[in-house]
Amino acid sequence: NGGEKYLFYFIRFFSTIFSIVNLYFIFKISALFLKNRFTKLLPVIIAASLPQFQFISSVINNDALLNMLATVSLYYLLLIISSPRITSSYLYSAIFIAIAILVKKTGLFILPCAVFVILYLIANNDRSERKLILKNSAVFLVIVLIVSSFIFLRNYYKLLYKRHNP
């Protein structure tokens, strides 16, 4: 009926919004490295013109959301590298990574990248900075584990239930 058609387009609209936010954060990431306005836009143009990006943006799936969350997480991880003393970057990155893990299990690939960033910062900063980096990193890991542990516990008990009740 007509109502279902509009609901379909309404839900499809979210994939488009997620993709637009993804492109915005691609621009913000390029702005961290590039100064010229045109060269800042080049990664956005390349990403937006990829056929796979266009396909994911136009269908109902969770890939557009996962791509957006991964890009936002990457942006905050890059901010952590440039300014390891800013606690809010750790918090935002942890929240977006945890939500990405909840959205789709392939979001888990972002966590090793974050751990690598943390290890890099610990190895390349002086002793006074390390204490703050370790504190922020501990908060980061606790947030990721608490928020994303729901999915792991659910899957563990679901698997356990299937083994004992075939």
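Residues numbered from 1 in each chain as written. Predicted model: local features only at pLDDT ≥ 70, side-chain atom pairs only at ≥ 80, totals over all residues. Heavy atoms only, no water.

Student: What is the right way to look at the side chain of S19 in this model?
Tutor: Mapped onto the fold, S19 is located in helix α1 (residues 2–33). Classification of S19 as buried rests on a relative accessible area of 4%. A distance of 2.6 Å separates a polar atom in the side chain of S19 from a polar atom in the side chain of S57. In contact with S19, other than residues within four places in its own chain, are F53, S57 and A64. (Helix = DSSP H or I, 4+ residues; strand = E, 2+ residues; numbered from the N terminus. Buried < 20%, exposed > 50% of the residue type's maximum accessible area, 1.4 Å probe, protein only. Polar contact = N/O pair within 3.5 Å; in protein donor to acceptor, adjacent residues only side chain to side chain. Contact = heavy atoms within 4.5 Å.)

Student: Where do I start with the confidence of the model for the protein chain in this structure?
Tutor: Any region with low pLDDT has predicted coordinates that should not be read closely. In this model, the protein chain carries an average pLDDT of 89, and 96% of its residues clear a pLDDT of 70 or more. The spread of mean pLDDT over the elements of the protein chain runs between helix α7 (residues 127–164), the lowest at 84, and helix α4 (residues 63–82), the highest at 94. (pLDDT = per-residue confidence, 0-100.)

Student: Would you mind showing me how to read the packing of helix α5 (residues 87–103) against helix α6 (residues 110–123) here?
Tutor: Helix-helix packing: each pair is described by the crossing angle between the helix axes and the interaxial distance. Running from N to C, α5 and α6 point in directions that differ by 155°, and their axes come no closer than 10 Å. What the angle tells us is that α5 and α6 run roughly antiparallel. For the pair α5 and α6, the crossing hand works out as left-handed. For the pair formed by α5 and α6, the contact residues are Y90, I97 and A100 on the first element and I110, L111, A114 and L121 on the second. (Axes fitted to C-alpha atoms, helices over the stretch in contact; angles between N-to-C directions. Parallel < 35°, antiparallel > 145°, perpendicular 65-115°, else oblique. Left-handed = near helix turned anticlockwise from the far one by under 90°.)

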